[in-house]
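Below, each chain spelled out in residue letters.
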Amino acid sequence: MNLMHHLNEFNLTQGYRQLDGSKAVGIDQVTKYEYGSQLQANIEGLHKEIRGGGWRPRPSRERLIPKPTGGMRRLAIGCLEDKIVQSLCAKILEAIYEPIFHRHSYGYRPGKSQHQALARVHQEIRRRENNCVVVEMDIEKFFDTIPHEKLMELIGRRIGDAHFLRLIRRMLRNSILSEDGKLSVSDEVGTPQGSPISPILANIYLHYLLDEWFEENWRSKGQFVRYADDAVFVFDQETDALEFQEAVRDRLWNEGGIQINAEKSGLTRFNRRKPEGDIPFLGFILYWGREKFTRKRTLKVKTAPKKVAASIQRFKEWIKANRSKHRLAKLWDLAAARLRGHYNYYGVTLNAPKLNHYYYACIGLLFKWLNRRSQKKSYTWDGFERRLHFNPLPKPPTGRELIDITNGLGTKLKHKPKSRVREIRKHGSERSSGRQRSLFT
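On a predicted model such as this, the values are computed, not experimentally measured, just so you know.

Engineer: Kindly report on the overall build of the chain, identifying the contributing residues and their values.
Structural biologist: Helix and strand counts for the chain come out as 15 helices and 13 strands. Referenced to the eigenvectors of the C-alpha coordinate spread, the extents of the chain come out at roughly 75 × 65 × 65 Å. For the chain, the residues scored as buried account for 45% of the 441 residues in total. Sequence separation of 24 or more characterises 67% of the internal contacts of the chain that already satisfy a separation of 6 or more. Carbon and sulfur atoms form 48% of the exposed surface of the chain, whose accessible area is close to 24,500 Å². Here the chain contributes 79 positive and 49 negative side-chain charges, whose respective centroids are spaced 11 Å apart.

Engineer: Pulling in residues and values, what's your account of the sheet that holds strand β4 (residues 175–177)?
Structural biologist: Read across the open sheet, the 4 strands follow the order β2-β1-β4-β5; overall the sheet is mixed. Looking at which strands have only one partner, the edges of the open sheet turn out to be β2 (72–77) and β5 (183–185). Going across the sheet, the axis of each strand differs from the next one's by a mean of 35°, ignoring polarity.

Engineer: Explain the layout of surface pockets to me, and be specific about the residues and the numbers.
Structural biologist: A water-sized probe, rolled over the atoms, reveals where empty space remains. Here the second largest pocket is characterised by a volume of approximately 460 Å³. Asp20, Lys23, Lys83, Gly194 and Pro196 are, among the 22 residues lining the second largest pocket, the residues nearest its centre. For the lining of the second largest pocket, the elements supplying multiple residues, two or more each, are β2 and α4 (80–97). Of the residues belonging to the lining of the second largest pocket, the class tally is 10 nonpolar, 7 polar and 5 charged.

Engineer: Outline the packing of aromatic side chains, supporting the account with residue identities and numerical values.
Structural biologist: Summed over the entire model, instances satisfying the criterion amount to 26 aromatic pairs. Geometrically, the ring pair formed by Tyr16 and Tyr35 is tilted, given 5.9 Å between the ring centres and 40° between the ring planes. Remark: Tyr35 occurs in helix α2 (residues 32–36) and Tyr16 occurs in helix α1 (residues 9–17); sequence separation between them is 19 residues. Of the two residues, Tyr16 and Tyr35, both sit in the buried class. Ring-pair connections join several aromatic residues into one group, and the members of that group are Trp213, Phe214, Trp218, Phe224, Phe233, Phe235 and Phe244. The residue whose ring lies beneath Arg157 is Tyr208, and the NZ or CZ to ring-centre distance is 5.3 Å. The ring of Tyr287 carries the charged tip of Lys302 above its face, separated from the ring centre by 5.0 Å.

Criteria and cut-off values
Residues numbered from 1 in each chain as written. Predicted model: local features only at pLDDT ≥ 70, side-chain atom pairs only at ≥ 80, totals over all residues. Heavy atoms only, no water. Helix = DSSP H or I, 4+ residues; strand = E, 2+ residues; numbered from the N terminus. Buried < 20%, exposed > 50% of the residue type's maximum accessible area, 1.4 Å probe, protein only. Contact = heavy atoms within 4.5 Å. Areas by Shrake-Rupley, 256 points an atom, 1.4 Å probe, with all protein chains shown as cover. Lys, Arg positive; Asp, Glu negative; His and termini not counted. Charge placed at Lys NZ, Arg CZ, Asp CG, Glu CD. Pairing = 2+ DSSP bridges. Axes fitted to C-alpha atoms, helices over the stretch in contact; angles between N-to-C directions. 1 Å grid on protein atoms, 1.4 Å probe; cavity = no way out; pocket = protein on both sides within 12 Å on 5 of 7 lines; lining within 4 Å. Points joined across faces, edges and corners; volume = space filled by probe spheres on them. Nonpolar A, V, L, I, M, F, W, Y, C, P; charged D, E, K, R; others polar. Phe/Tyr/Trp six-rings, centres within 6.5 Å; stacked < 30°, edge-to-face > 60°. Lys NZ or Arg CZ within 6 Å of the ring centre and 35° of its normal.

If you want it as structure tokens, here you go:
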């Protein structure tokens, strides 16, 4: 299978156009706009370098960002030309592997989302509500510990183009320039987070290591849902869950060279009548609560408390830093955008209390810090409520605006708008003049 002919000038140009120009630049400090000022010449030179076999990615720039649970996450920000080549190679791999990926693998795949993964977990637990055991699995520093040789061996099962495989290997061995100026080379392990090709490589690795293995050996005893390295396995029997817990730990370490994070992994007996804990997944918590009127136990979902606290803290830091940088109208628009961003992810059915909590906490922070822009208070609470009345900030979604996770699909409830044909037939067109008369009797 010859794949290098896909890295032609036309596809490289399309890869450039699909890049997000607002992203951070690499060590060369070249922006998308600057590169595009001489796009044709730059693409021709890049294509010639790839075709001659001399292309190698330049060192990526390290950027450390804080994790919500503590610690720092290491991102590698590549140069613009490297992003073009990596994104194009990622599309080639996606076209090859997407047809064979497991249907319950949702991470970094087109047409799949976190909400679909959450809805699937909700559905699988509901099916086993009277006898349910859940095994949670999170791989410790997954992207930083993937062995290169094992990954290339797995890719080689489906791809035989030696030149394309060499290109992938060069991307894996890319060096990273740290914030203190030291250059480190990943010769044996790790796929750089932040690289366009890293997600598809991680999915390929776990597809062979975990998904296929589970289907062959455990499908009759349970089901799984995976989002990248975060996975949930739902079983009917506790003995099967315990046996699987040991087997998957040995499988990942002995066959894949990666370890399970003990703090984020475990086994939970999750029966409807006697649940022994909650199930955290993708920033949400699944728990057995009670219905409002009947008081019967039902499976509910809410935003994880740590995520709510972290989101409120980020809003507080943002309003403190920006309250004097912008005019009030601009600041209002930016606050509305932050609220909508929170709702877009956490706006799922059964999560209304946590959404309201976040909204009112942000309103309180706005009132507090807008009054600290000068020595004189800008608002009384009545005046602030008046502004909210005439310039409302987006409130939490309700009803059909929420993403429905109880239907197993993780999509918004869809309904067709009411047809006006019947009304027009009765009363005539709105544009007709004079007295309206029935067209049909």
